[in-house]
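For reference, the chains in residue letters:
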Amino acid sequence: MPHSCDIFCNVVDNYGDIGVCWRLARQLAQEHGLAVRLWVDDLGTLARLCPEADAARDVQHCRGVEVRRWQGVDRPFTLRYLRANGEEEAILPAELVVEAFACKLPQGYIEAMAAREPKPVWINLEYLSAEDWVAGCHKLPSPQPSLPLTRYFFFPGFTRQTGGLLLERDLFARRDAFQSDAARQRAFWKALGMEMPSAETLKVSLFGYENDALTGLFDAWAGGSQPVLCLVPEGRILPQVKQYFEEVGRDSSRHASVGMNPDLPSYSCGKLEVRVLPFVEQERYDELLWACDINFVRGEDSCVRAQWAALPFIWHIYPQHDGVHMQKLRAFMARYCAGLAPEAARALQGLWDTWNGEAAVPIGQAWNDFREHRSMLRQRAQGWAQELAENNLALNLLDFFRETGRMRAFEIEGQ
Ligand code: TRH
């Protein structure tokens, strides 16, 4: 077992990069007892996920993790730190080093890794993908040309040939306890300033990027037969939500209303009620997913959390300019839908494609098809979560550390 781990995170945009790093850091520290240092170049974004983090501090401890400001990829990296009491502290690279999403470690740090014995196990943790090629690249070594160091690719994924997914030891037990406890659920809704919704109401969480399909989806919900309560965490989709209700409000044939609380805007029209929620700390986001019937998620980490919630979900994949995201989406759908009856698979694919801008059918129709197959989709979601739970990324990472340690001992013996 390694005793220490350095994780380097360059926040490119949104919350996904730090979301994954923060989750991994907490898990290695809290469940496996490692001394974890998380180096992050945007403490403000970390503070959204962990409000006790102070964006003004260079070094701090949060939830068992030492959080350090990283001046950034292109800025000089000092191996000497000045403590608050004026003493100098030397930075020694950790035994396990995670370079998240190929963020490029500082040269000075790489040289210090090369000088250390035994050499650290250096991992490049990659983005999640369900594509087949991932299995062939997982754990591939990339020897450094000018230094006695090897960097290894580590791919999260959905099969045993990949690094698996981040999953906390007690997550399923906490989820099941929440879902079977009406009092805890009531407390959850009360904390949002709401009564527990009626059994008849469909509860949906909506976390996504800007999306042209939103108007059609809201129209379908507003004009449908079942009440829909849609919870929207603050974020990029919010301007469109507001715009929708402004436009509906100008249409005298429709009755829209706007809530009075400026901190927590709410809107309604027909059968649809929308509540905007404050962005919550990362540990609490799971409760929102567990409390809803259907979850719209995005990016990478929230999508994995929706899978652990074991409920039907719709994934807005992170759009890439070259369009490769659609290949990733299709690869995931192929795996997920393999366990579904053809008509339910078609319903899921129809809504996911439409939500991701590849409209095969109008979104209202895609939504109705999806909703009609809800119980089959729910069963699939439960089976899928169970299937994937055996392949735990943090455990796999620690196994890999041991494997590389054995390989090195063998090499040294043979010399
Ligand atoms: O924020 P995202 O879109 O992040 C990303 C990044 O853009 C990244 O660069 C990209 O490559 C990647 O997607 C694929 O979506 P994601 O990954 O779901 O991260 C959101 C995080 O925010 C996740 O850890 C859950 C957390 N979260 C909260 O902590 N509280 C909240 O209220 C909500 C809604 C989310």
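The structure presented is a predicted model; accordingly, all values stated were derived computationally and were not measured.

The secondary structure content of the protein amounts to 15 helices and 17 strands. The principal-axis extents of the C-alpha atoms in the protein amount to approximately 80 × 50 × 45 Å. The buried share of the protein, reckoned over its 415 residues, is 53%. Element-wise, carbon and sulfur atoms account for 51% of the exposed surface of the protein, whose accessible area totals about 18,700 Å². Counting 44 positive and 55 negative side-chain charges, the protein places the averaged centre of each group 3 Å from the other.

Our next topic: the layout of surface pockets. As a volume, the largest pocket reaches approximately 760 Å³. Of all elements in the fold, only helix H1 (16–32), helix H9 (282–291), helix H10 (301–309) and helix H11 (324–337) reach the threshold of two or more residues within the lining of the largest pocket. Considered class by class, the residues forming the lining of the largest pocket number 21 nonpolar, eight polar and 10 charged. Counting contributing residues, the lining of the largest pocket receives three or more from each of domain 1 (4–166 + 392–414) and domain 2 (171–388).

Empty space among the atoms becomes apparent when a probe as large as a water molecule is rolled across them. Throughout the structure, instances matching the rule amount to two cavities of 30 Å³ or more. In this structure, the largest cavity occupies an estimated 120 Å³ of space. In terms of lining residues, the largest cavity is bounded by 15 residues, among which Val20, Pro156, Leu166, Glu300 and Val304 are the most central. Mapped onto the lining of the largest cavity, the elements with two or more residues apiece are H1 and H10. Inspection of the lining of the largest cavity shows a minimum of three residues originating in each of domain 1 (4–166 + 392–414) and domain 2 (171–388). The calculated volume of the second largest cavity comes to roughly 40 Å³. Lining the second largest cavity are Leu128, Ser129, Ala130, Phe158, Trp315, Lys328 and Phe332. In this structure, the lining of the second largest cavity is formed jointly by two domains, domain 1 (4–166 + 392–414) and domain 2 (171–388), each of which donates at least three residues.

Reading across from one edge, E13-E14-E15-E12-E11-E16-E17 is the order of the seven strands in this open sheet, with mixed pairing throughout. Since the sheet does not close on itself, it has two edges, and those belong to strand E13 (256–258) and strand E17 (313–316), each with one partner. Neighbour to neighbour, the strand axes of the sheet diverge by 15 degrees on average, direction disregarded. Bridging between strand E16 (residues 294–298) and E17 involves four bridges; their strand directions are parallel. The partner of asparagine 295 across the bridge, within E17, is phenylalanine 313. On top of the sheet, H9 reaches strand E11 (202–206), strand E12 (228–233), strand E15 (272–277) and E16; it is set at about 140 degrees to E16, its chief contact. Helix H13 (residues 363–372) rests against E11, E16 and E17 of the sheet, and its axis sits at about 125 degrees to E16.

Criteria and cut-off values
- Residues numbered from 1 in each chain as written.
- Predicted model: local features only at pLDDT ≥ 70, side-chain atom pairs only at ≥ 80, totals over all residues.
- Heavy atoms only, no water.
- Helix = DSSP H or I, 4+ residues; strand = E, 2+ residues; numbered from the N terminus.
- Buried < 20%, exposed > 50% of the residue type's maximum accessible area, 1.4 Å probe, protein only.
- Areas by Shrake-Rupley, 256 points an atom, 1.4 Å probe, with all protein chains shown as cover.
- Lys, Arg positive; Asp, Glu negative; His and termini not counted.
- Charge placed at Lys NZ, Arg CZ, Asp CG, Glu CD.
- 1 Å grid on protein atoms, 1.4 Å probe; cavity = no way out; pocket = protein on both sides within 12 Å on 5 of 7 lines; lining within 4 Å.
- Points joined across faces, edges and corners; volume = space filled by probe spheres on them.
- Nonpolar A, V, L, I, M, F, W, Y, C, P; charged D, E, K, R; others polar.
- Domains from an automatic or database assignment.
- Pairing = 2+ DSSP bridges.
- Axes fitted to C-alpha atoms, helices over the stretch in contact; angles between N-to-C directions.
- Contact = heavy atoms within 4.5 Å.

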